[in-house]
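# Reading the structure
Here is how the chains run, residue by residue.
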Amino acid sequence: MATTDRQATTLALAHALSAAERGLAVIPLSRTKLPALRSPHRDDPAPSRCHGECGRFGHGVHDATTDPARVRALFAAAPRAIGYGIACGLPPHHLIGVDLDTKGDTDSTAALRELALRHLFTIPPTVVVLTPSGGRHLWLTGPPDVVVPNSAGRLAPGIDIRGAGGYLVGPGSRTRHGVYAAAPGTAHLVPAACPPALLRLLVPPPRAHRHVPATTGAHGRGLVQFVLAAHEGQRNTRLFWAACRAYEDGIGAALVDSLAAAARETGLTEREARATIASAARMTGHHP
């Protein structure tokens, strides 16, 4: 590894430790902004649902920690990491990232300003991180009992949200496109509370309760609710898991339509949902 890369890794570790001291859980990132550690389950024959319970590194944002010793261990296991990610949605800050992108002709700053005028909120002084592409990340905090999902362009074109299960590239990180840096005058700030009117826009409305056949009982209703609670990036995994449990418990056939309907409400198409349920049926030795 070139000396400059070693220096970049050392610098990234220093920034990550500083963030951890502020209560921000961190993970090492590669120059592509992806987690620097590969999954220990990548060669498993079946998809893994492990979020770090196995005790090994390589579970992405689930590895995030504020423990200095563990941060050092993560970076020691990822010697090519030249950046770090900050996990969102975790205590004590319950961080929410508002990513204002600059791709194409999109003016995300103007879009956020229009939303603020329409819904009567202002963004308070907070940490702002400048991206190599000219975009900005605004750091906000949410209430501990509110789960803000990740989204891309749902709020407005060019505005992505990093919430529970997501992460922000930390200031001081290097990527193949350049360096992330705190905007002048904001590095010393603590993340500000998300305005209530904006928070309401970030949290999806409650989903309508789906009828579940009485023959499936409370367990069937629980599996449907498990699917309904899926956020972006979890939808297929949750549906597959729930369908497997349903078939293993002998209620798969009775629950197919309810699981498919729940999956559609999370954003999957009918075809995607039915294909995932069929895969679960085959996996558990049943005919779709």
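Below is a summary of the structure that appears in this document. Along each chain, the written sequence defines residue order, and numbers are assigned to residues from 1. Residues qualify for local features only when their pLDDT is at least 70, as the model is predicted, and side-chain atom pairs are given and counted only at 80 or more; totals for whole chains, interfaces and linings, by contrast, use all residues. Computation of side-chain values: all heavy atoms of the structure, hydrogens and water removed.

## A look at the nonpolar core
- The criterion is simple. A nonpolar core is a set of buried Ala, Val, Leu, Ile, Met, Phe, Trp, Tyr and Cys residues joined through side-chain atoms within 4.5 Å. Here's how the labels work: a residue is buried when its accessible area is under 20% of the maximum for its type, exposed when over 50%, partly exposed in between, all with a 1.4 Å probe on protein chains only. Val-26, Val-71, Phe-75, Tyr-84, Ile-86, Leu-95 and Trp-139 are the most contacted members of the largest nonpolar core, which has 31 residues in total.
- Note on conventions: DSSP H or I runs of at least 4 residues are helices, E runs of at least 2 residues are strands, and numbering of each starts at the N terminus. Breaking this core down by element, the ones donating at least two residues are helix H1 (3–21), strand S1 (26–29), helix H2 (68–77), strand S2 (83–87) and strand S8 (167–169).
- The dominant element in this core, judged by the number of residues it contributes, is H1, at 6 residues.

## A closer look at unusual backbone geometry
- Looking along the chain, the bond that leaves Pro-91 and enters Pro-92 is cis, with omega of 5°.
- Secondary-structure assignment places Pro-92 in the loop between S2 and strand S3 (95–100).
- In this model, Lys-33 sits at a positive phi of 75°, which is unusual for a non-glycine residue.
- Within the secondary structure, Lys-33 is located in the loop between S1 and H2.
- Phi is positive for Leu-120, close to 60°, though the residue is something other than glycine.
- Turning to its location among the elements, Leu-120 is positioned in the loop between helix H3 (108–119) and strand S4 (128–130).
- Note on Leu-120: relative accessible area 75%, which makes it exposed.

## Some details on the sheet that holds S8
- One open sheet holds the 3 strands; their spatial order is S1-S2-S8, and the pairing between them is antiparallel. Both outer strands of the open sheet, S1 and S8, are each paired with one neighbouring strand and no more. Geometrically, the sheet is characterised by an average inter-axis angle of 35° between neighbouring strands, direction not taken into account.
- Here S1 runs beside S2; their pairing, made up of 4 bridges, is antiparallel. The partner of Val-26 across the bridge, within S2, is Ile-86.
- The sheet strands contacting H2 are S1 and S2, and the helix crosses S1 at an angle near 15°. Any two strands between which DSSP finds at least two bridges are classified as paired. Working convention: axes come from line fits to C-alpha atoms, limited for helices to the stretch in contact. Angles between N-to-C directions cover 0 to 180 degrees. Should any heavy atoms of two residues lie within 4.5 Å, those residues are counted as being in contact.

## Thoughts on H3
- To estimate how far a helix should reach, multiply one less than its number of residues by 1.5 Å. Between its first and last C-alpha atoms H3 spans 16 Å; for 12 residues at 1.5 Å apiece the expected length is 16 Å, and the two agree.
- Every buried residue belonging to H3 is among Ser-108, Ala-111, Leu-112, Leu-115 and Ala-116, and all of these are buried. All buried residues of H3 fall inside an arc of 140° around its axis, so they share one side. Opposite its buried face, H3 presents the exposed residues Leu-117 and Arg-118, each directed more than 90 degrees away.
- Looking at the packing, one finds that the buried side of H3 touches S3, strand S5 (136–141), strand S6 (151–156), strand S7 (159–162) and helix H4 (196–202).
- Positive phi appears at Leu-120, one or two residues downstream of H3, with a value of about 60°. Relevant arc is that of directions from the helix axis to the C-beta atoms, nothing else.

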